[in-house]
Amino acid sequence: MVTEQAASAPIVVASNRGPVSYRVREDGSLAAGRGGGGLVSGLSAIGPESGAVWVCAAMSEGDRLAAEGSGGRLDTADTGGHRVRMLDIAPDTFAAAYNGIANSVLWFVHHLLYQTPLEPVFDESFRAQWAAYEAYNAAFAEALAEEAAEGAAVLVQDYHLTLVPGLLRELRPDLRIGHFSHTPWAPPDYYRLLPDDVARQVLRGILGGDRAAFLTRRWAQAFADCCEQVLGAQTERENGITTVVRFEGRTTRLGVHGLGADGDFLRERAHRADVEERMAALRARIGGRKTIVRVDRTELSKNIVRGLHAYRRLLVERPEWRGQVVHIAFAYPSRQDLTVYRDYTATVERVAREINAEFGDASWQPVDLHVKDDFARSLAAYRMADVALVNPIRDGMNLVAKEVPVVSDAGCALVLSREAGAAAELAEDALLVNPYDVEATARALHRALLMDPSERAERCKRLAAAATALPPARWFMDQLTALQGM
Ligand code: G6P
């Protein structure tokens, strides 16, 4: 439904998950919950007075009820004043596009998660899901075309919406369109697992935009390599770095914007009373022992199970740590509609239980695992961390690696996967590991625990400075001005 507000926004943001989500209370009323994350804080840099509109998908029953009857325009009381349009896409179409293609295919490809030779299989059910993904992308493109003012800047986010730039370009050639990938990008040999037409359609879709931006140079280069090898596109380099892709008469500039932590927000938030309370509770359980902290969504790419195995190896190889250290592991539920994620969650819980049964006693439980999301408790653990363990198989950036050093009280050591985007910026002061190498990760944990407190504090200070180099507000503005200046 087009209302009088339509076609008026000078800036439009599009992402699958919006800045607010709704839950149906027992009495049938709706409770709005504000989302976190870089995009939400980034958008606050321009404020509601900018007239920006954020287009997102309804993801739950509560969302659908909230979107009903208002052309999807949410009450600004729920959105921090921002104009948000929530698309009520048919539940089956949404599920096939989000769970099927976005989270089980594109996410898997970019994070190298397939368990070949059994997966992937691209058959008729994949084709049905792909048709849903096309319809879901088309619904976004149509809504964006309705919202955007003449010549507006449209910032399209992530792997859910790869076809949108191309579709929107056809509807509205006047717009400046950028796409931002929050994930890694697969190298061509792996990307080619996708059916040829789909592999081409995704690249073509993103190249419909004026800019294609990434979290690190490495992912931007992998995208350019795929464009060259899969599409036969032309690329141009400046100082050895690919900056432009040309295909079918269009030019797309590549950008790199390494999203950083929001230092001011985190430092203030981490000293509120609820965090202090959680710290006291954690301290009561852990006593004066050292802490190895990890906080993740329970996500296959986060490599939580190998992290637990590495901790187990530490306790085997270095028995002197038994009773002296606790591994605080917060693994919050994610994408639980997918069987592999539910299974993975069960494995994480089982391995943690096994370690506790093998080494623990009445006075010491080596793993303190929690699966219920609690941001204040995460911050409490960040502040108390002696060591932070961030060991993803592959990660677009990983903000936990950037957040822990910022709020750590005494300075923590960071054991970091070399495959996380954050490693590009934090390599000098983190202890880098190959995420598959459990033995090397165990050795890095040992080294981190032994690190002299003054060295740890020094390194942590430099990590925090690097981590906050591009806070969300500037990250957002950099992309916007680059797009508007084209
Ligand atoms: C990653 C993606 C985001 C996504 C988030 C949470 O960070 O890049 O686009 O929103 O995971 O995943 P979810 O499926 O819960 O939105």
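Please read these numbers as outputs of a predicted model, since none were measured by experiment.

Each value, and the rule that gives it
Residues numbered from 1 in each chain as written. Predicted model: local features only at pLDDT ≥ 70, side-chain atom pairs only at ≥ 80, totals over all residues. Pairing = 2+ DSSP bridges. Helix = DSSP H or I, 4+ residues; strand = E, 2+ residues; numbered from the N terminus. Axes fitted to C-alpha atoms, helices over the stretch in contact; angles between N-to-C directions. Contact = placed C-beta atoms within 7 Å. Expected span 1.5 Å × (residues − 1). Buried ≥ 20, exposed ≤ 12 C-beta atoms within 10 Å, placed from the backbone. Arc of directions from axis to C-beta. Domains from an automatic or database assignment. Nonpolar A, V, L, I, M, F, W, Y, C, P; charged D, E, K, R; others polar.

Undergrad: Looking at this structure, I do not really get the sheet that holds strand E17 (residues 431-433). What am I missing?
TA: Strand order in the open sheet made by the six strands is E14-E13-E12-E15-E16-E17, with parallel pairing throughout. Edge positions in the sheet fall to strand E14 (367-370) and E17, since each of these pairs with one other strand and no more. Averaged over all adjacent pairs, the angle separating strand axes in this sheet is 20 degrees, with direction ignored. The pairing of strand E12 (residues 290-297) with strand E15 (residues 387-390) spans two bridges and is parallel. Pairing of Val-293 across the sheet is with Ala-388, part of E15. In the packing of helix H14 (residues 400-407) onto the sheet, the strands contacted are E12, E15 and strand E16 (413-417), and the crossing angle to E16 comes to about 175 degrees. In the packing of helix H16 (residues 438-450) onto the sheet, the strands contacted are E12, strand E13 (325-332), E15, E16 and E17, and the crossing angle to E17 comes to about 170 degrees.

Undergrad: Any chance you could explain helix H12 (residues 339-359) here in plain terms?
TA: Two residues of an α-helix separated by three or four positions point the same way, owing to the 3.6 residues in each turn. In this model, H12 (21 residues) spans 30 Å end to end at C-alpha, consistent with the 30 Å of a helix rising 1.5 Å per residue. Buried residues of H12: Tyr-341, Tyr-344, Thr-345, Val-348, Val-351, Ala-352 and Ile-355, and no others. For H12, the angular spread of the buried residues around the axis is 130 degrees, confining them to a single face. Turned more than 90 degrees away from the buried face of H12, the exposed residues are Thr-339, Asp-343, Ala-346, Arg-350, Ala-357 and Glu-358. Against helix H11 (304-317), E13 and E14 lie the buried residues of H12.

Undergrad: I would appreciate a short explanation of the domain arrangement of the chain in the present structure.
TA: Interface size is commonly expressed as the accessible area that is lost once the parts come together. Partitioning the chain into domains gives domain 1 (9-259 + 474-484) and domain 2 (263-467). Measuring from the centre of the C-alpha atoms in domain 1 to the corresponding centre in domain 2 gives 30 Å. Taken residue by residue, the interface counts 16 residues in domain 1 and 14 residues in domain 2. Residue assignment for the side of domain 1 that touches domain 2 shows that the elements contributing at least two residues are helix H3 (91-110) and helix H8 (217-231). A total of three residues in the side of domain 1 that touches domain 2 trace back to one element, the largest contributor, which is H3. When grouped by side-chain class, the residues that make up the side of domain 1 that touches domain 2 number six nonpolar, nine polar and one charged.

Undergrad: Quick question: what am I supposed to make of the environment of Thr-76 here?
TA: The residue Thr-76 is located in the loop between helix H2 (61-67) and strand E5 (83-87) in this model. In the structure, Thr-76 is positioned 313 residues away from Leu-389 in sequence and 39 Å away in space, judged by C-alpha atoms. Residue contacts for Thr-76: discarding those within four places in its chain leaves Gly-81, His-82 and Arg-83.

Undergrad: Looking at this structure, I do not really get the sheet that holds strand E6 (residues 148-157). What am I missing?
TA: Hydrogen bonding along the main chain pairs the strands of a sheet, whether they run parallel or antiparallel. One open sheet accounts for nine strands, arranged E5-E4-E1-E6-E7-E8-E11-E10-E9; its pairing is mixed. Two strands close off the open sheet at either side, each with one partner strand: E5 and strand E9 (234-238). The average undirected angle you get between the axes of adjacent strands in this sheet is 20 degrees. Packed on one face of the sheet, helix H5 (residues 164-171) meets strand E1 (9-14), E6 and strand E7 (176-180) and runs near 170 degrees to E7.

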